[in-house]
Amino acid sequence: EDKVVQSPLSLVVHEGDTVTLNCSYEVTNFRSLLWYKQEKKAPTFLFMLTSSGIEKKSGRLSSILDKKELFSILNITATQTGDSAVYLCALTQGGSEKLVFGKGTKLTVNP
Amino acid sequence: DGGITQSPKYLFRKEGQNVTLSCEQNLNHDAMYWYRQDPGQGLRLIYYSQIVNDFQKGDIAEGYSVSREKKESFPLTVTSAQKNPTAFYLCASSSGRVGGLPQHFGDGTRLSIL
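Just so it is clear, the model here is predicted, and its values are computed rather than measured.

What counts as what
Residues numbered from 1 in each chain as written. Chains lettered and ligands numbered in written order. Predicted model: local features only at pLDDT ≥ 70, side-chain atom pairs only at ≥ 80, totals over all residues. Heavy atoms only, no water. Pairing = 2+ DSSP bridges. Helix = DSSP H or I, 4+ residues; strand = E, 2+ residues; numbered from the N terminus. Axes fitted to C-alpha atoms, helices over the stretch in contact; angles between N-to-C directions. Core = buried A, V, L, I, M, F, W, Y, C linked by side-chain atoms within 4.5 Å. Buried < 20%, exposed > 50% of the residue type's maximum accessible area, 1.4 Å probe, protein only. Contact = heavy atoms within 4.5 Å. Buried area = accessible area lost by both parts, 1.4 Å probe. Salt bridge = Lys/Arg side-chain N within 4 Å of Asp/Glu carboxyl O. Polar contact = N/O pair within 3.5 Å; in protein donor to acceptor, adjacent residues only side chain to side chain. Nonpolar A, V, L, I, M, F, W, Y, C, P; charged D, E, K, R; others polar.

### Brief notes about the sheet that holds strand β3 (residues 19-25) of chain B
Residues and elements named next belong to chain B.
Next up, step 1: The antiparallel open sheet is built from four strands, whose spatial order is β1-β3-β8-β7. With partners counted over all chains shown, the strands left at the sheet margins are β1 (4-7) and β7 (64-66), one partner each. Averaged over all pairs of adjacent strands, the angle between strand axes in this sheet comes to 20°, irrespective of strand direction.
Next up, step 2: In this sheet, strand β8 (residues 76-78) lies alongside β3 in antiparallel orientation, the contact comprising three bridges. When the sheet's bridge partners are listed, Thr 20 is paired in β8 with Thr 77.

Pasting the structure below:
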């Protein structure tokens with residue numbers, strides 16, 4: 001059974017568009033949810049969310065968590081070709097630092 | 001520069017051969033992790049270690065082995081028992097303290113069968 005489900009799996013947009021990526025989860029003893037961006041190689045950390053309703057923002061990227069409905073969204077405004085990547089959602093449970101990943105959303109931004 | 005170094009970047013394995021992937025970190029992190037990534041899939045945990053001389057199996061440990069003799073190093077051996085080893089392997093580390101996320105990743109090793 002999938003614990004972390006990302007949607008859509010793939011998305012193609014034009015530069016300047018705004019996109020919303022979704023991550024829903026079903027786990028016991030949820031502790032935190034993380035977003036990573038993966039281009040060719042190493043995933044790079046974007047956000048870590050632990051509390052509902054508090055938006056985290058970094059430039060054109062923002063993310064929010066809903067612990068009641070068990071999902072998070074990652075928004076990217078005014079997309080650029082450099083935003084093309086796979087965006088990974090992961091979560092931790094209980095006292096463990098292990099990450100459980102979703103399958104990722106592949107975002108392609110065309111000029 | 002502090003970071004995680006994985007080597008080699010590309011590796012080819014012959015049938016029946018064991019191969020070892022290197023992972024070194026100079027972040028002074030206690031915890032280290034190995035993940036496998038297949039096309040169109042997320043990362044799946046192979047093994048992790050929270051302290052020197054101790055490690056635990058992840059979700060897909062069969063056919064793999066690890067050691068943690070030094071804090072900085074966490075090599076992964078892909079044994080001949082792993083029948084489908086072709087994948088992208090990522091090593092990560094974190095401070096290991098609760099709340100010590102996020103994990104930092106190396107640039108990966110791409111393993112293929114000859």
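Moving on, there is more to tell.
### A look at the nonpolar core
Next up, step 1: Of all hydrophobic cores here, the largest spans 22 residues; its most connected members are Tyr25(A), Phe30(A), Leu33(A), Trp35(A), Tyr87(A) and Leu107(A).
Next up, step 2: Taken together, the elements giving at least two residues each to this core come down to β3 (19-25), β4 (30-38), β5 (43-49), β7 (61-66), β8 (71-76), β9 (85-93) and β11 (105-110) of chain A.
Next up, step 3: Not counting chain neighbours up to four residues away, the residues in contact with Leu33(A) comprise Cys23(A), Tyr25(A), Phe47(A), Met48(A), Leu49(A), Leu65(A), Ser72(A), Cys89(A), Ala90(A) and Leu91(A).
Next up, step 4: Grouped together as the second largest cluster of nonpolar side chains are 20 residues, Met32(B), Trp34(B), Phe74(B) and Leu111(B) included.

### Points about the sheet that holds β7(A)
All names here are of chain A.
Next up, step 1: The five strands are arranged β1-β3-β8-β7-β6 in an open sheet whose pairing can be described as antiparallel. Both outer strands of the open sheet, β1 (4-7) and β6 (56-58), are each paired with one neighbouring strand and no more. The average angle at which neighbouring strand axes cross in this sheet is 15°, direction not considered.
Next up, step 2: Here β1 pairs with β3 via four bridges, running antiparallel. Considered in β3, the bridge of Gln 6 is made with Cys 23.

### Some words on the interface of chain B and chain A
Next up, step 1: On the side of chain A, 20 residues touch chain B, which itself brings 23 residues to the contact.
Next up, step 2: Between chain B and chain A lies a buried interface of about 1700 Å² when both sides are counted; carbon and sulfur atoms form 61% of it.
Next up, step 3: On inspection of chain B and its partner chain A, the count reaches zero salt bridges.
Next up, step 4: The interface formed by chain B and chain A holds three residue pairs in polar contact (both at pLDDT 80 or more) in total.
Next up, step 5: Of all elements in the fold, only β4 (31-37), β5 (43-51) and β9 (87-94) of chain B reach the threshold of two or more residues within the side of chain B that touches chain A.
Next up, step 6: Of the residues assigned to the side of chain B that touches chain A, the class counts are 11 nonpolar, nine polar and three charged.

### Some words on the pattern of salt bridges
All names here are of chain A.
Next up, step 1: Counted under the stated rule, the structure contains six salt bridges over all chains.
Next up, step 2: Between Glu 97 and Arg 31 there is a salt bridge, and its shortest N-O distance comes to 2.6 Å. Residue Glu 97 is found in the loop between β9 and β10 (100-101), and its partner Arg 31 is found in strand β4; the two are separated by 66 residues along the sequence. Note on accessibility: Glu 97 and Arg 31 belong to one class, buried.
Next up, step 3: Residues Asp 83 and Arg 60 are paired through a salt bridge, measuring 2.8 Å at the closest nitrogen-oxygen approach.

Structural measurements only, silent on function.
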